[in-house]
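# Architecture and fold: a report
As a plain string of letters, each chain reads:
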Amino acid sequence: MRDTSLLTTPSRFALAPVCLSVALLQSSLAGAQLLGNDPLQLQPSPLLQEQLSPQVRSSLPTFVSGQRITGRPDLETVVEGDAMLRKGDIVIKADRLEYDQPTDLAKAIGHVLVNRAGNVYEGPLLELRVDAFEGFFNEPTYHFLRNDAHGQASRVDFVDDQRAVIHNATYTTCRRLPGPSWMPDWILKASTISLDNEEDVGTASGALLSFKGVPVLPVPFITFPLSDKRKSGVLPPTLGLDNVNGTEVSLPYYWNIAPNRDATLTPTVMTKRGVNLGTEFRYLEDNYAGTANVEWMPFDQLRDSSRWGLNINHQARIKSAWTDNGAALNLSLNRVSDDNYWRDFTRTNSSLTQRLLANDATLAWTNGAWANSVRTLKWQTLQDVTAPIVPPYDRLPQLATRYTRSNLAGMDVALDADYTRFQSDGIRTGQPNAERTFSLLQASRVFQSSAGYITPKVQLHATNYQFDAPLKDGAMRASRVVPTLSVDTGVVFERDTQLFGRALRQTLEPRAFYVNTPYRDQSLLPNYDSGANDFNLSTIYSENAFVGNDRISDSNLLTIGVTSRFLDPATGAENARIGVAQRLRFQDQNVTLPGGLPAQDRISDMLWGGSINWDPRWRFDGTVQFNPDTQQSVRSTLGARYNPGRYRTLSAAYRYQRDLSEQLDVGWQWPINDLWGDRGQKLNAGQGQGEGRWYSVGRLNYSMNERKLVDSVLGLEYDAGCWLGRMVWERLQTSSVTATQRIMFQLEFVGFSRLGVNPLKSLKDNIPNYQYLREPSVMPSRFSNYD
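About the thresholds
Residues numbered from 1 in each chain as written. Predicted model: local features only at pLDDT ≥ 70, side-chain atom pairs only at ≥ 80, totals over all residues. Heavy atoms only, no water. Helix = DSSP H or I, 4+ residues; strand = E, 2+ residues; numbered from the N terminus. Contact = heavy atoms within 4.5 Å. Areas by Shrake-Rupley, 256 points an atom, 1.4 Å probe, with all protein chains shown as cover. Buried < 20%, exposed > 50% of the residue type's maximum accessible area, 1.4 Å probe, protein only. Polar contact = N/O pair within 3.5 Å; in protein donor to acceptor, adjacent residues only side chain to side chain. Patch = residues over 30% accessible without salt bridge, like charges linked within 9 Å, V, L, I, M, F, W, Y side chains within 5 Å. Salt bridge = Lys/Arg side-chain N within 4 Å of Asp/Glu carboxyl O. Core = buried A, V, L, I, M, F, W, Y, C linked by side-chain atoms within 4.5 Å. Pairing = 2+ DSSP bridges. Disulfide = S-S within 2.5 Å. Phe/Tyr/Trp six-rings, centres within 6.5 Å; stacked < 30°, edge-to-face > 60°. Lys NZ or Arg CZ within 6 Å of the ring centre and 35° of its normal.

## Examining the overall build of the protein
- Regarding its fold elements, the protein presents four helices and 48 strands.
- The contacts in the protein between residues at least 6 apart in sequence include a share of 47% that link residues at least 24 apart.
- Here the protein has roughly 41,500 Å² of accessible surface; of this, 58% comes from carbon and sulfur atoms.

## Overview of the environment of Arg273
- By the secondary structure assignment, Arg273 is in the loop between strand 20 (261-270) and strand 21 (274-284).
- Owing to a relative accessible area of 0%, Arg273 belongs among the buried residues under this scheme.
- Separated by 24 residues in sequence, Arg273 and Met297 place their C-alpha atoms 9.1 Å apart.
- Aside from chain neighbours lying at most four places away, what touches Arg273 is Val244, Asn245, Met297, Phe299, Asp300, Gln301, Leu302, Arg307, Asp344 and Phe345.
- Polar side-chain contacts of Arg273 include one of 2.7 Å to the side chain of Asp300.

## A few points about a nonpolar patch on the surface
- Residues Val234, Leu251, Tyr253, Trp255, Ile257, Leu265, Leu277, Val294, Trp296 and Trp308 make up a contiguous nonpolar surface patch of about 890 Å² in total accessible area.
- Those elements that provide at least two residues to the nonpolar patch are strand 19 (253-258) and strand 22 (288-300).
- Ranked by the residues each element gives to the nonpolar patch, the list is headed by strand 19, at three residues.
- Checked against the element boundaries, Leu251 lands in the loop between strand 18 (246-250) and strand 19.

## Comments concerning the pattern of salt bridges
- Going through the model one piece at a time under the given rule, you end up with 45 salt bridges.
- As a salt-bridge pair, Asp148 and Arg175 come within 2.6 Å of each other at their nearest N and O atoms. Linking Asp148 in the loop between strand 9 (141-143) and strand 10 (150-152) with Arg175 in the loop between strand 12 (163-171) and strand 13 (186-196), this pair joins segments that are 27 residues apart in sequence.
- A relative accessible area of 34% places Arg175 in the partly exposed class.
- In this structure, a network of salt bridges that share partners links the residues Arg273, Asp300, Arg303, Arg307, Asp338 and Asp344.

## Quick word on the nonpolar core
- Core analysis: the largest hydrophobic core is formed by 52 residues, its most contacted members being Ile92, Tyr171, Trp186, Leu188 and Ile193.
- Excluding its chain neighbours within four sequence positions, the residues that come into contact with Trp186 are Tyr171, Thr172, Thr173, Cys174, Leu209, Ser210, Phe211, Cys722, Trp723, Phe749, Val750 and Phe752.

## A closer look at unusual backbone geometry
- Between Leu396 and the following residue, Pro397, the backbone shows a cis peptide bond with an omega angle of -5 degrees.
- Tracing the backbone shows Pro397 in strand 27 (residues 394-408).
- At Asp74, a position not held by glycine, the phi torsion is positive, near 65 degrees.
- Looking at the element boundaries, Asp74 is found in the loop between strand 3 (68-71) and strand 4 (76-87).
- For Asp74, a relative accessible area of 60% corresponds to the exposed category.

## Comments concerning the pairing of strand 11 (residues 155-158)
- Here strand 11 shows a clear split, with Val156 and Phe158 buried on one side and none of Arg155 and Asp157 buried on the other.
- Two elements, strand 8 (residues 134-138) and strand 11, share four bridges in a ladder whose sense is antiparallel. In the strand pairing of strand 11, Phe136 is matched with Asp157.
- Sheet topology places strand 11 next to strand 12; four bridges connect them, and they run antiparallel.

## Quick notes on the state of the cysteines
- Scanning the model with the defined rule gives one disulfide in all.
- Two residues, Cys174 and Cys722, share a disulfide whose sulfurs are 2.0 Å apart. Judged by the torsion about the S-S bond (65 degrees), the Cys174/Cys722 disulfide is right-handed. Here Cys174, found in the loop between strand 12 and strand 13, pairs with Cys722, found in the loop between strand 45 (708-719) and strand 46 (723-733); they are 548 residues apart in sequence, far enough to count as distant.
- Among the residues examined, Cys722 registers a relative accessible area of 2% and is labelled buried.

## Quick word on the environment of Arg261
- Along the chain, the position of Arg261 falls in strand 20.
- Considering only alpha carbons, one finds Arg261 and Phe281, 20 residues apart in sequence, at a separation of 7.6 Å.
- Apart from the residues within four sequence positions on either side, Arg261 is in contact with Arg230, Asn256, Phe281, Arg282, Tyr283, Glu285 and Tyr288.
- Engagement of the side chain of Arg261 in a polar contact is seen with the side chain of Glu285, the distance being 2.7 Å.

## Here's the deal with the side chain of Gln431
- Mapped onto the elements of the fold, Gln431 is located in the loop between strand 28 (411-423) and strand 29 (434-444).
- Within the local environment of Gln431, its side chain forms a polar contact with the backbone oxygen of Asn527, the two atoms lying 2.8 Å apart.
- When neighbours within four sequence positions are excluded, Gln431 is seen to be in contact with Tyr393, Pro526, Asn527 and Tyr528.

## Looking at the packing of aromatic side chains
- Taken as a whole and judged by the stated rule, the model has 27 aromatic pairs.
- An angle of 45 degrees between the planes, with centres 4.8 Å apart, marks the rings of Trp370 and Tyr403 as tilted. With Trp370 in strand 26 (residues 370-381) and Tyr403 in strand 27, the pair connects residues that are 33 residues apart, well separated along the chain.
- Residue class for Trp370 comes out partly exposed when judged on its relative accessible area of 36%.
- Ring plane angle 85 degrees and centroid distance 4.9 Å describe the contact between Tyr393 and Tyr528, whose orientation is recorded as edge-to-face. With Tyr393 in the loop between strand 26 and strand 27 and Tyr528 in the loop between strand 34 (502-517) and strand 35 (531-532), the pair connects residues that are 135 residues apart, well separated along the chain. Taken as a pair, Tyr393 and Tyr528 share a single burial class, namely buried.
- By way of ring pairs, the aromatic residues Trp186, Phe211, Trp694, Tyr718, Trp723 and Phe749 are connected into one cluster.
- Across the ring face of Phe345, the terminal group of Arg273 is positioned such that the distance to the ring centre comes to 4.5 Å.
- Directly above the aromatic system of Tyr541 lies the positively charged group of Arg511, at a separation of 3.9 Å from the ring centroid.

## Things to note about the environment of Arg96
- Relative to the helices and strands, Arg96 resides in strand 5 (residues 90-100).
- Judged by relative accessible area, which is 28%, Arg96 ranks as partly exposed.
- Along the backbone, Arg96 and Arg68 are 28 residues apart, and their C-alpha atoms lie at a distance of 9.6 Å.
- If sequence neighbours within four positions are ignored, Arg96 has contacts with Val78, Val79, Glu80, Ala83, Lys107, Ala108 and Ile109.
- Polar side-chain contacts of Arg96 include one of 3.0 Å to the side chain of Glu98.

Shown next, in the form of structure tokens:
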């Protein structure tokens, strides 16, 4: 027997391998330089591995230290006074430690602390087989690194290095504060809690969840996540109040079918309507992926009928030897049971809450310079007797191909060809179903210098129709050939300048665009897919006044515009921009949409547009359509955004269209605590529990013509560190006289679960730049809690 004063220290043994590695590295580098080889490439080192396999851990040496050590070599070791055993990512500290090497059994007594990969247990008595991490701990307290949870128990049984069973346990993520009377805001008490770190799942039996000392969820069995990893199980119930549905109660079940497949089943009871079953299925494979959503209500008391909705999205890559990179298949299927579905299920999948539901299948592939596609598109139109809409034509099918070549004899050449079968189940006066063949040949050449460019372009449009029934003039066929000539030219001037003390580079970019298309009478041709182009700073420089292929506008136009930009000379970032453009018409435009009048104005409205991004926190943008004859604005859009930091965003937009609408749109997320100082700031970083932070969130869309709110979201969020509370009121306009309203509540126990209707989707969808109060965090390192 002999006494020793701390024979070894962790720092000495941790440093020695590092010093040895450095010496070997220096020797290797020197040898490489002498031989003239390439520099040695550093390789990953196992010294700082986050996870150690059982095989690696068993091969590592065991270090012990303390005030007094006795024992026999390779048999047993007894350490007393500041005893410590360290092996790999396991550290055991105690007043007295006995370690039996043949059985790998460690017994620790008095002020015992075990740290395994950052998870810490403390208590009076421990027995543990170190490599297998199998044993028990009496009356421990514990703290888990991964989700910052902690608690205490009468006993912990370590099943192996991934599983443990905690008896008479408590569990919370509220940071413990000094004082004997401290109680966490929320706590889970259970007869047993089983932890599976391999699956990242906790299971509690005989559990009771309490909040502020009030029991809120007594359950005989509950599972909860130990990380963000997916797992099967019943999700917390959701509650809500709705003026159409009544009180809503949902109990979702999540099924983790496989790493690349899952499903969520959500039965919902609506007191005013009945039971609805929602199902979402997701899948992801090497060559295909997609989602399927099904809503089914066997009997809806609101309409006295069965209701259902179906939304399927599928994308696939089909391997083929006769294509460049295989063929791409995109499928989107949207169907509902009746015309009122969009009004009665306003918060289901967004593609099912519109009045035009697209059922679209497209197969596309490329062969060198050719890009090809086959498409079928069928619409389901949900009609409203108070506001009927004209159903669009189905495309059954549409075949398209495009050939493009650049620098072909110095020119850029493109050929587009399209065959479409237009079909409609509805009755359309004077417009039969038809087959349309369309082609567009265009060639252009860019003459460019450092100061500017000029791009002449010629186009030839050719269209042929074959109708199922005769037109008004008795024709069963029709054709049209229209040529177009355009010239686009611009110059760029630059100069260095200063503005508000900032060095900038200013540009002046005048642009002129001329287009000439002769008149071809198209008044007898049907219109299957053409519409008027929106008049803005982008479309004012286009050849055709219409979108689609049924109308080619006759044009003799000159568009003149100028843009000025202020750029950062170091980065090229745009700090400000302003532009103006106006169109000069030399003769009337006689080609119109059905029921339209010829365009006779010689000078168009003037378009102004600009943006300011002078400071990263601020952004302003706007466009104005100004009529020079009336000296009035025809259409205006002005917007501003202020984003000074996390969880602080304010946006406003003003939209005006003369004689039609005038709206003001405001959205925000802001800490209310800022009104009386920045109290509770530390809670955002998870620093503790106590005084929290309040946030106001919302978006208001106000119609100034009707003097009423349209779509609105208003809410409050509260961050208490280990729990979050939300209350949100939402109003959605479903017609000119009706709207749906609901109140959503949510209580989120950080690191455990959420209770209540989830309002986060409503906040994210409606509030520009909204941020979740708890963004997904990076998995903490075991070395951040290293003893």
